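Fold and contact review
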Amino acid sequence: MYTMSCRPVYTNLNVCLGREVNTRRVSRNARVSRSSRPKAVSSEQEVEESSARPVYPFTAIIGQEEMKFAALMNIIDPNIGGIMVMGDRGTGKSTTVRSLTDLLPYIEIVKDDAFMSSPTDPNLMSPDVLAAYRAKEPLETAFVPINMVDLPLGATEDRVCGTIDIEKALTEGTKAFEPGLLAKANRGILYVDEVNLLDDHLVDVLLDSAASGWNTVEREGISICHPARFILIGSGNPEEGELRPQLLDRFGMHAQIKTVKLPEERVKVVEERTSFDTDPKKFRATYKAKQDEVIDQVTRARALLPEVEVPMDIRLKISQVCAELDVDGLRGDLVTTRASRAAAAFRGSKIVTDEDVYSVISLCLRHRLRKDPMATIDEGSRVTEVFSSVFGYDIE
């Protein structure tokens, strides 16, 4: 038997990514070399150049360790499936999510393509780009940071899915498709604030796209199907209502946020926020070194991830935990395994250990245990108890 005093949280959070755009032409069979990646620039320069609104630094956020850790795991491995963040109002959930823009890596896209198409992967190409790819036509590409798209509660289905381009229909007399938010979010992050208040018809659209990775539009004589693979991040206040079980299960991880209770921490939060509002540029400069450390660590983890292996005995124990918790389906097994690999890569290891599993398993499974629609989501105690039994730990 082993003794584990608390959940290991990897606190040395840090990324060093380039932010300048680099364009070039590639043929169908051309390979993307690592040396073609844009050189790194500071996160402060990036925000000044790309946004009129400064972003609160990720490393300046006090507390919320669960949410920050889950977010980093999803950046390292987008296949984890996103995060659902539930917590009290005024706890900085939206601020934390938007702070991730500094940490997002660059991806290569086909230049001027509204669908963020990949120049090398046919499964991530819009219909026009795919036709050009199959015809072996050269594609001009660009390196851009991953998109973070906000889906407002008042958005219409046409704005989310896309619809007919009225301007072209009136001026040119032709039918053309105007891409929506799902096209813009392809290969990026789709953020829904107050997701538990989202209209049911939009929830259905998100469910279809999240499940298949594709968005199909059939309207006004237009038929189009384009890739819509995104990391879904939602936040909400449980007092305003619970999520539909179908949507809740689509989120890979579930983080719970609570209000800071210690007076010292509350005062520090107020002082930090006041300093940021007074002079955002100066405030961001004070956290530049920490931001670069996080960026560098996440960059190394993303590069190491393909080499990370999960021993068979740990795979069996993960599945045993899911079975004993009576988790429906196999999504819990998949997500826990992927998140464990990301946690190991974040540590710089190529082998997943029990500690890696322990650090993510509650985040991956707690929201999959609810059988009664009126019940609340467990804080993780049941998952921890079963984990300690299966893995042979005493949790103090």
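Residues numbered from 1 in each chain as written. Predicted model: local features only at pLDDT ≥ 70, side-chain atom pairs only at ≥ 80, totals over all residues. Heavy atoms only, no water.

1. Overview of the overall build of the chain
Quick reminder of the rule: Strands are runs of DSSP state E lasting at least 2 residues, helices are runs of H or I lasting at least 4, and numbering of each runs from the N terminus. Whether a residue is buried, partly exposed or exposed follows from its accessible area with a 1.4 Å probe, protein chains only, as a fraction of its type maximum: under 20%, in between, or over 50%, in that order.
Secondary structure summary: the chain contains 16 helices and 14 strands in total. Scored against the burial criterion, the 396 residues of the chain give a buried share of 51%.

2. What about the confidence of the model for the chain?
Rules: pLDDT is a residue-level measure of predictor confidence that goes from 0 to 100. We call two residues in contact when some of their heavy atoms are within 4.5 Å.
In the predicted model, the chain carries a mean pLDDT of 81, and 82% of its residues have values of at least 70. Under a pLDDT of 50 for its full length, residues 1-51 has, in the predicted model, 150 contacts with residues more than four places off or in other chains.

3. Some remarks on the sheet that holds strand β9 (residues 189-193)
The strands making up a sheet are joined through hydrogen bonds of the backbone, oriented either antiparallel or parallel. To keep things clear, this is the line we draw: In this analysis, strands are considered paired if DSSP registers two or more bridges between them. Helix axes are fitted only over the stretch in contact, all axes being lines through C-alpha atoms; the angle between N-to-C directions runs from 0 to 180 degrees.
Strands sit in the order β6-β9-β12-β3-β13 across an open sheet of five strands; the sheet is parallel. At either end of the open sheet lies a strand with only one pairing partner, and these are β6 (148-150) and β13 (253-257). If you compare each strand with its neighbour and ignore which way they point, the axes differ by 20 degrees on average. Where strand β3 (residues 83-87) meets strand β12 (residues 231-236), four bridges bridge the pair, whose relative direction is parallel. For M84, the partnering residue across the bridge sits in β12 and is G234. Packed on one face of the sheet, helix α2 (residues 65-76) meets β3, β12 and β13 and runs near 155 degrees to β13.

4. Structural notes on helix α4 (residues 127-134)
What counts is decided by this rule: Read the arc as the range of directions from the helix axis to the C-beta atoms.
Every buried residue of α4 is listed here: V129, L130, A132 and Y133. What you see down the axis of α4 is that its buried residues fit within an arc of 160 degrees, all on one side. Opposite its buried face, α4 presents the exposed residues D128 and R134, each directed more than 90 degrees away. In this structure, the buried side of α4 is in contact with β4 (106-110) and β5 (139-145). K136 sits one or two residues past α4 and shows a positive phi near 60 degrees.

5. Re the pattern of salt bridges
Threshold: Salt bridges are defined as contacts in which a side-chain nitrogen from Lys or Arg sits within 4 Å of a carboxyl oxygen from Asp or Glu.
A full pass over the atoms with the stated rule returns eleven salt bridges. The residue R366 makes a salt bridge to E66 at a minimum N-O spacing of 3.0 Å. Of this pair, R366 sits in the loop between α15 (354-365) and α16 (381-391) while E66 sits in helix α2, placing them 300 residues apart in sequence. A salt bridge links R347 to D356, with the nearest nitrogen and oxygen atoms 2.6 Å apart. Residue R347 is classed as partly exposed on the basis of its relative accessible area, which comes to 36%. A relative accessible area of 0% means that D356 is categorised as buried.

6. Considerations on the side chain of D292
Just so we agree on the cut-off: Pairs of N or O atoms within 3.5 Å make up the polar contacts considered here, provided that, within protein, one atom can donate a hydrogen while the other can accept it, and that residues adjacent in sequence are counted only when both atoms are side-chain atoms.
Note that D292 resides in helix α12 (residues 288-304). The class of D292 is buried, set by a relative accessible area of 18%. Among the polar contacts made by the side chain of D292, one reaches the side chain of K288 at a distance of 2.9 Å.

7. Some remarks on the packing of aromatic side chains
We apply this condition: Any two rings among Phe, Tyr and Trp, with Trp reduced to its six-membered ring, count as a pair given centres within 6.5 Å; such a pair is stacked if its planes are under 30 degrees apart, edge-to-face if over 60, and tilted if neither.
As enumerated under the stated definition, the model contains seven aromatic pairs in all. Between Y358 and F387, the aromatic rings sit 5.1 Å apart at their centres with planes inclined by 35 degrees, giving tilted as the arrangement. Here the residue Y358 occupies a position in helix α15, and F387 occupies one in helix α16, the gap between them amounting to 29 residues. By relative accessible area, F387 is classed as buried at 0%. Geometrically, the ring pair formed by F387 and Y393 is stacked, given 5.8 Å between the ring centres and 25 degrees between the ring planes. Comparing F387 with Y393, the two get one shared label, buried. The structure contains a cluster of three or more aromatic residues connected by ring pairs, namely Y56, F276, F283 and Y287.

8. Re the nonpolar core
Rule in force here: Joining through side-chain atoms within 4.5 Å is the link that ties buried Ala, Val, Leu, Ile, Met, Phe, Trp, Tyr and Cys residues into a set, and such a set is a nonpolar core.
The biggest cluster of nonpolar side chains holds 65 residues, and the ones touching the most others in it are M73 and M253. The greatest single-element share of this core, amounting to eight residues, is contributed by α2. The contacts of M73, once residues within four sequence positions are left out, are I80, M253, A339, A342, A343 and F346. By size, the runner-up hydrophobic cluster in this structure holds 33 residues, among which are M84, L190, I222 and F251.

9. Here we look at the pairing of β5
With five of seven residues buried, β5 is to be regarded as a mostly interior element. Relative to β5, β4 runs antiparallel, the two sharing five bridges. When the sheet's bridge partners are listed, V110 is paired in β5 with T141.

10. Some words on α15
Our working rule: To estimate the expected span of a helix, subtract one from its residue number and multiply by 1.5 Å.
Given a rise of 1.5 Å per residue, twelve residues ought to cover 16 Å, and the 16 Å separating the end C-alpha atoms of α15 matches this to within 8%. Of all twelve residues in α15, eleven are buried, a share of seventy percent or more. Along α15, the residues that are buried comprise D354, D356, V357, Y358, S359, V360, I361, S362, L363, C364 and L365.

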